[in-house]
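# Observations on the three-dimensional arrangement
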Amino acid sequence: ARATALRLGVELLLPDPFDLNGVEPDEAYVPFSDEKLLEQGREKLSSVTFDPQIHERWDEDRLYRAMKEVRESGGGNREYVERLLGERALVGHLRWGVPQLGDSLIPADSEKPSDCTYAWRESFIEYNGLVAPCCNAAMSAGRILAHLDQEESFFEVWNGETYRRLRRSLTSGRCYEFCRTCYLFEPPSEAAWGTNETWIKVGTNLEGDVPVVAAQVPAGKRAVLTEVRSEEVPEGSQLQIYADETPLADFAAVRRGDGWRFECSLDELALRSEQVVHLRSPKVTGPRVEIIGYVL
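These remarks concern the structure in this document. Just so it is clear, the structure is predicted and the values come from calculations on it, not from any experiment. (Residues numbered from 1 in each chain as written. Predicted model: local features only at pLDDT ≥ 70, side-chain atom pairs only at ≥ 80, totals over all residues. Heavy atoms only, no water.)

With that settled, consider the overall build of the protein chain. Across its full length, the protein chain carries nine helices and 12 strands. Across the 296 residues that make up the protein chain, the buried fraction comes to 40%. Within the protein chain, residue pairs in contact and separated by at least 24 positions form 69% of the contacts whose partners lie at least 6 positions apart. In the structure as shown, the protein chain presents an accessible area of about 17,800 Å², 51% of it carried by carbon and sulfur atoms. (Helix = DSSP H or I, 4+ residues; strand = E, 2+ residues; numbered from the N terminus. Buried < 20%, exposed > 50% of the residue type's maximum accessible area, 1.4 Å probe, protein only. Contact = heavy atoms within 4.5 Å. Areas by Shrake-Rupley, 256 points an atom, 1.4 Å probe, with all protein chains shown as cover.)

Dropping the structure here:
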């Protein structure tokens, strides 16, 4: 670091070195032998024994089960996304599909190559045999690239088509959503709300019994509403959400700190092209309400 700072002509401020006088030196590092590593791999550690009270059953996960059934029927990512939409189960990080079912559905104006090297460098093998490309929990069903009990070897997984497709998506810019907005390789501002992203946050001020327009789905697109937030409203206030004239949701304000607000998850409400979202809150005029979601 000092040599680099000197070369660049910048001032480098470093803390004073630790005083190690009188401290026993660490033992020299000696790598485990092959025999020791193999012995450890055969150990049945009690800390990773499957416990149905605390461990999820990966094969019973709703999103994974849907992915497996779509693949078995010969479908791809479009069928997978449509199925999750129909079941009101499409989470944002799966909206462009998963590498197990084909190429990403990422819009052309959101393409961007990633600097991620995980897919070439290492794998994460979980306690239950799942092989995942990294520790990003947001990948959800997308993290299950394979299961060691269902493959001939890890070599087959590492060089299989699913892993290769994931690598191609990173270098080509046609990333899956969970990679495109990964906080490890994107600034938080860009990953969440930046240019060319398809997340939306729109808002309007309430006008009592009069329905007010909050947003309209762009032509040729669809949208999924996931959350509502508001400024402070009177205790007992109700908020109604409509798509055109169809009721979508109706809920009461909740207490937050010293006041009351509309703050609610919307259970993945899907909207069609050009539908208009209206908000109505009887007897409440003025406070701003924001709707959060994403465009497909």
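This brings us to the pairing of strand E7 (residues 238-243). Across six bridges, the pairing between E7 and strand E8 (residues 246-252) is antiparallel. Across the sheet, the residue bridging to leucine 239 is phenylalanine 251, located in E8. Linking two consecutive strands that pair antiparallel, namely E7 and E8, is a turn of two residues; a positive phi of about 55° is found at aspartate 244 within it. Pairing of E7 with strand E11 (residues 276-280), which is carried by four bridges, proceeds in the antiparallel orientation. Opposite isoleucine 241, over in E11, you have leucine 279 as the bridge partner. (Pairing = 2+ DSSP bridges.)

Our next topic: the nonpolar core. Among the nonpolar cores identified, the biggest contains 36 residues, and Tyr80, Leu84 and Leu94 are the most heavily contacted of them. Residue assignment for this core shows that the elements contributing at least two residues are helix H3 (62-72), helix H4 (77-86), helix H5 (118-121), strand E2 (130-132), helix H6 (154-158), helix H7 (161-172) and helix H8 (177-180). Here this core gets five residues from one element, more than from any other, and that element is H3. Those residues in contact with tyrosine 80 that lie beyond four places of it in its chain are Leu63, Ala66, Met67, Val70, Leu94, Val98, Leu101 and Ala141. Counting 24 residues, the second largest nonpolar core, distinct from the first, contains Leu239, Phe262, Leu269 and Val277. (Core = buried A, V, L, I, M, F, W, Y, C linked by side-chain atoms within 4.5 Å.)

This part covers H4. Looking only at H4, the buried set comprises Asn77, Tyr80, Val81, Leu84 and Leu85. Here the buried residues of H4 occupy an arc of 135° about the axis, which is enough to place them on one side. Looking at H4, the residues exposed on the side facing more than 90 degrees away from the buried face are Arg78 and Gly86. Against the buried residues of H4 lie H3, strand E6 (223-233) and strand E10 (259-271). Backbone geometry just downstream of H4 places arginine 88 in the positive-phi region, at approximately 55°. (Arc of directions from axis to C-beta.)

Here we take up the side chain of threonine 162. Looking at the element boundaries, threonine 162 is found in helix H7. According to the relative accessible area criterion, threonine 162 is buried, its value standing at 18%.

Each aromatic ring pair is characterised by the separation of its centres together with the angle its planes make. Using the criterion set out here, one finds five aromatic pairs in the structure. A ring pair is formed by tryptophan 158 and tyrosine 163, whose centres lie 5.1 Å apart and whose planes are at 55°; its orientation type is tilted. We classify tyrosine 163 as buried; its relative accessible area is 1%. Consider the rings of tyrosine 176 and phenylalanine 178, whose centres lie 5.9 Å apart with planes at 15°: the pair is stacked. Given the relative accessible area of 0%, tyrosine 176 is considered buried. Pairwise contacts between aromatic rings join Phe154, Trp158 and Tyr163 into one cluster. Against the face of tyrosine 118 rests arginine 121, its NZ or CZ located 4.8 Å from the ring centre. (Phe/Tyr/Trp six-rings, centres within 6.5 Å; stacked < 30°, edge-to-face > 60°. Lys NZ or Arg CZ within 6 Å of the ring centre and 35° of its normal.)

Evaluated as defined, the whole model comprises 16 salt bridges. A salt bridge links arginine 165 to glutamate 161; the nearest nitrogen and oxygen atoms lie 3.6 Å apart. Of the two residues, arginine 165 and glutamate 161 are both situated in helix H7; the distance of four residues between them amounts to about one turn of the helix. One continuous salt-bridge network, built from bridges that share partners, spans Arg62, Glu69, Arg83 and Glu87. (Salt bridge = Lys/Arg side-chain N within 4 Å of Asp/Glu carboxyl O.)

This part takes up the sheet that holds strand E1 (residues 124-125). If you trace the three strands from one edge of the open sheet to the other, you get E1-E2-E3, paired in antiparallel fashion. The sheet is open, and its two edges are formed by E1 and strand E3 (146-147), each paired on a single side.

Bridge count for E6 against E10 is eight bridges, and the pairing is antiparallel. Across the sheet, residue valine 228 finds its bridge partner in E10, namely cysteine 264. Sheet analysis places E6 next to strand E12 (residues 285-295), joined by seven bridges and oriented antiparallel. Within the sheet, the bridge partner assigned to leucine 225 lies in E12 and is glycine 293.

Limitation: the analysis is restricted to geometry and does not speak to function.
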